[in-house]
Amino acid sequence: MTMLKRGSSGEAVKALQSILGLTADGVFGPGTEAAVKEHQKGEGLDADGIAGPDTLASLGLYQHITLSEGSKGKTVKKLQEALKIGADGVFGPGTKKAVMAFQKEKGIVADGIVGPATLHHLNLFS
């Protein structure tokens, strides 16, 4: 599962910082954490300062979202609804099985991990 938090670095952090209107140095420090918390509060998300799937989706950073067993939240619920399975917002074994079946059907590597290719085929954010 994608989680950008204090100490993270790289291109995904730069993209996050840019969208939040910060200097995009690619290092997730206290300023980035504070900006993430502020954004989360405005979106009605848990303001923990960690940019997980729901925060990334709310910012339009879909290409940086990865969902797998153990993921939780609105984005997982949206995934489950798209797969037409019970939508409780918790990515468990049943969700993984449904993801793998969908991936096989679409000719994607059936690993049960929802990354950009699977998200694209699901049209979750169109």
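Residue positions are given per chain, counted from 1 along the sequence in the order it is written. For a predicted model such as this one, the threshold for reporting local features is a pLDDT of at least 70, and the threshold for listing and counting side-chain atom pairs is 80 or more; totals across whole chains, interfaces and linings nevertheless cover every residue. The side-chain values count all of the structure's non-hydrogen atoms but skip hydrogen atoms and water molecules.

## Digging into unusual backbone geometry
Alright, step 1. In this model, Lys 84 sits at a positive phi of 60°, which is unusual for a non-glycine residue.
Alright, step 2. In this text, helices come from DSSP runs of H or I with a minimum length of four residues, and strands from runs of E with a minimum of two, each type numbered from the N-terminal end. Mapped onto the elements of the fold, Lys 84 is located in the loop between α4 (74-83) and α5 (93-106).
Alright, step 3. Remark: exposure states derive from per-residue accessible area (1.4 Å probe, protein chains only) relative to the maximum for the residue type, with buried under 20%, exposed over 50%, and partly exposed in between. For Lys 84, a relative accessible area of 75% gives the class exposed.
Alright, step 4. Residues other than glycine seldom take positive phi values, yet Asn 123 does so here, at roughly 55°.

## Considering the pattern of salt bridges
Alright, step 1. What makes a salt bridge here is a side-chain nitrogen of Lys or Arg within 4 Å of a carboxyl oxygen of Asp or Glu, nothing more. Counted according to the given criterion, the structure contains three salt bridges.
Alright, step 2. For Arg 6, the salt bridge identified is with Glu 33, shortest N-O distance 2.6 Å. Of this pair, Arg 6 sits in the segment before α1 (11-19) while Glu 33 sits in helix α2 (residues 30-43), and the two are 27 residues apart along the sequence.
Alright, step 3. Among the residues examined, Arg 6 registers a relative accessible area of 48% and is labelled partly exposed.
Alright, step 4. We note a salt bridge from Lys 14 to Glu 11, for which the minimum N-O separation is 3.7 Å. Of the two residues, Lys 14 and Glu 11 both sit in helix α1, three residues apart, roughly one turn of that helix.

## So, α1
Alright, step 1. For α1, the set of buried residues is Ala 12, Val 13, Leu 16 and Gln 17. Each buried residue of α1 lies within a common arc of 135° when the element is viewed along its axis, so the set occupies one face.
Alright, step 2. Along its buried surface, α1 packs onto α2.
Alright, step 3. In the stretch just after α1, Gly 21 is the one whose phi turns positive, near 80°. This arc corresponds to the set of directions leading from the helix axis out to the C-beta atoms. Whether two residues touch is decided by their heavy atoms; if any such pair falls within 4.5 Å, the residues are in contact.

## Thoughts on the nonpolar core
Alright, step 1. Grouped together as the largest cluster of nonpolar side chains are 26 residues, with contacts concentrated most on Leu 4, Leu 16, Leu 67, Leu 79, Leu 83, Phe 91 and Val 114.
Alright, step 2. Secondary-structure elements contributing two or more residues to this core are α1, α2, α3 (53-58), α4, α5 and α6 (116-122).
Alright, step 3. Other than its neighbours up to four places away in sequence, Val 114 contacts Ile 65, Thr 66, Leu 67, Leu 79, Phe 91, Val 99 and Leu 119. Take the buried residues of types Ala, Val, Leu, Ile, Met, Phe, Trp, Tyr and Cys, join any two whose side-chain atoms come within 4.5 Å, and each joined set is a nonpolar core.

## Some thoughts on the side chain of Gln 103
Alright, step 1. Inspection of the secondary structure assignment puts Gln 103 in helix α5.
Alright, step 2. Taking the relative accessible area as the measure of exposure, Gln 103 reaches 0% and is therefore buried.
Alright, step 3. Between N or O atoms, a polar contact is any pair within 3.5 Å; within protein, one atom must be a potential hydrogen donor and the other a potential acceptor, and residues adjacent in sequence are included only when both atoms are from side chains. Within polar-contact distance, the side chain of Gln 103 engages the backbone nitrogen of Asp 111 at 3.1 Å.
Alright, step 4. Setting aside anything within four residues of it in sequence, one finds Gln 103 in contact with Ile 108, Val 109, Ala 110, Asp 111, Gly 112, Ile 113 and Thr 118.

## What to know about the environment of Ser 8
Alright, step 1. Relative to the assigned elements, Ser 8 resides in the segment before α1.
Alright, step 2. Judged by relative accessible area, Ser 8 falls into the buried class, the value being 15%.
Alright, step 3. When the C-alpha atoms of Ser 8 and Gly 29 are compared, they prove to be 8.1 Å apart, with 21 residues separating the residues in sequence.
Alright, step 4. Ignoring any residue separated from it by four or fewer positions in sequence, one finds Ser 8 in contact with Met 3, Val 13, Gly 26, Val 27 and Phe 28.

Geometric descriptors of this kind do not, in isolation, establish any biological role.
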